[in-house]
Amino acid sequence: MASLSEPCPVGRFAPTPSGRMHLGNVFCALLAWASARSRKGKIILRIEDLDLERSPRHYADQLEADLEWLGLSFDEGGSAGGPHQPYYQSERFSIYGDCLQRLEQTSEIYPCFCSRASLHAASAPHLSDGRVIYPGTCRGLSPEEVRERGKLRKPASRIRVPAETVSFTDGVQGVFSAFLPADCGDFVIRRADGVYAYQLAVVADDGLMGVNQVVRGRDLLESTPIQIWLFQKLGFPVPEFYHIPLLLDPAGNRLSKRDQSLDLSALQQRFSPEDIVGLLAFLAGQIPRRGRMTPEELAEIFRWEKVPKGDIRLPADIL
Ligand code: GLU
């Protein structure tokens, strides 16, 4: 039970609806939900559709229907709205613009004309998710150069990171540290087409929505140090983080939205919501054997200490 001095958890599930949810997305939704509910907390559904072309509204609607089918209800967010609406990132651009202006007062934000292709072609170091650590090409361009280049191409806005190390203790993965210039690099805060970057939007939203518990896939662990730095820059309290293992298909490959064999439309033909919740609860180390379970039953027994760190291979009969 939460002690009186512990804040009530405010969690969120923040999917990017670029296709039908797969089992890995369901795993994340379920653990975020069970973690908040296990301590009588609140859970928010935020739709991360910054790029509306990739995440059209009908995918978000389908996602809400899928969450409902699973038995996961949210206190705020999605189409139901709530005190922090809108909950669709595509409708929050003016909020991100204000945050960007606040950052401009204390940080160096500069126009960057580099294309993704030119960065990938340069021999800059890459992060494990394929992103390039920015080599600083456009940092320090003269106003003259900015004007000249601006005639040919619209720039993105990039923020300069300081020579600081950010360390934190993740609730699943343990201590994680990054030296910002070498491990993260200056990062894009608004794309050339005006779309705000995930890193800014996610921090602005978690900060403004009062989120104090972030549960998401292990693949976002490396983004967390710059997000912590942004939380501090924007004057928001830093939430707790829980980076959960990724689910792998029975052959050991990462699940992707392109592979439809493990998305919810296929799974719903063969399994009930309780079968899926029971399987995921077992894979998360919460129950000793695979069985059927409701999300409420999982919340009753949920313990972070039992969640494994390493990626999890799905059993063969799931296909
Ligand atoms: N929208 C991101 C995704 O679906 C998750 C962001 C987050 O949880 O911070 O991958």
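A few points on the structure. (Residues numbered from 1 in each chain as written. Predicted model: local features only at pLDDT ≥ 70, side-chain atom pairs only at ≥ 80, totals over all residues. Heavy atoms only, no water.)

## Let's talk about the sheet that holds strand 5 (residues 156-159)
In spatial order, the strands read 4-5-8; together these 3 strands make up an open sheet with antiparallel pairing. Because the sheet does not close on itself, it has two edges, and the strands there are strand 4 (109-112) and strand 8 (187-190). Neighbouring strand axes in the sheet, compared pairwise and without regard to direction, differ in orientation by 45° on average. (Pairing = 2+ DSSP bridges. Helix = DSSP H or I, 4+ residues; strand = E, 2+ residues; numbered from the N terminus. Axes fitted to C-alpha atoms, helices over the stretch in contact; angles between N-to-C directions.)

## Overview of the environment of Ala284
Along the polypeptide, Ala284 turns up in the loop between helix 10 (273-283) and helix 11 (295-301). Those residues in contact with Ala284 that sit more than four places away from it in its chain are Phe27, Leu31, Lys306, Val307 and Pro308. (Contact = heavy atoms within 4.5 Å.)

## Some details on the packing of helix 7 (residues 198-208) against helix 8 (residues 224-233)
Running from N to C, helix 7 and helix 8 point in directions that differ by 50°, and their axes come no closer than 10 Å. Taken as axis vectors, helix 7 and helix 8 run oblique relative to one another. The interaxial crossing formed by helix 7 with helix 8 has right-handed handedness. Contacts between helix 7 and helix 8 involve Tyr198, Gln199, Leu200, Val202, Val203, Asp206 and Gly207 on the former and, on the latter, Ile226, Gln227, Leu230 and Phe231. (Parallel < 35°, antiparallel > 145°, perpendicular 65-115°, else oblique. Left-handed = near helix turned anticlockwise from the far one by under 90°.)

## Section: the sheet that holds strand 10 (residues 240-244)
Spatial ordering of the open sheet is given by 3-2-1-9-10, a layout of 5 strands whose pairing is parallel. Only two strands of the sheet have a single neighbouring strand rather than two, namely strand 3 (76-77) and strand 10. Both strand 1 (residues 10-13) and strand 9 (residues 213-217) contribute to a ladder of 2 bridges, which runs parallel. Counted as the bridge partner of Arg12 is Val214 from strand 9. Of the strands in this sheet, strand 1, strand 2 (42-45), strand 9 and strand 10 touch helix 1 (residues 23-38), which is tilted by about 160° from strand 9.

## Here's the deal with helix 1
Between its first and last C-alpha, helix 1 extends 22 Å over 16 residues, near the 22 Å set by a 1.5 Å rise per residue. Where helix 1 ends, the next residue or the one after it, Lys40, has phi of about 55°, a positive value. (Expected span 1.5 Å × (residues − 1).)

## A word on the packing of aromatic side chains
Tallying each qualifying case throughout the model produces 8 aromatic pairs. Between the aromatic rings of Phe168 and Phe241, the centroid separation amounts to 5.7 Å while the plane-to-plane angle is 65°, which identifies the pairing as edge-to-face. Separated by 73 residues along the polypeptide, Phe168 in strand 6 (residues 165-170) and Phe241 in strand 10 bring together distant segments of the chain. Owing to a relative accessible area of 3%, Phe241 belongs among the buried residues under this scheme. Note on Phe302 and Trp304: the rings are 5.1 Å apart at their centroids and 85° apart in plane angle, and the pair reads as edge-to-face. For the pair formed by Phe302 and Trp304, the shared burial category is buried. Grouping aromatic residues by their ring pairs yields a cluster made of Phe93, Tyr96 and Tyr196. The side chain of Arg57 reaches across the aromatic face of Tyr88, ending 3.7 Å from its centre. The ring of Tyr134 carries the charged tip of Arg158 above its face, separated from the ring centre by 3.6 Å. (Phe/Tyr/Trp six-rings, centres within 6.5 Å; stacked < 30°, edge-to-face > 60°. Buried < 20%, exposed > 50% of the residue type's maximum accessible area, 1.4 Å probe, protein only. Lys NZ or Arg CZ within 6 Å of the ring centre and 35° of its normal.)

Read these as layout, nothing more, since geometry by itself doesn't imply function.
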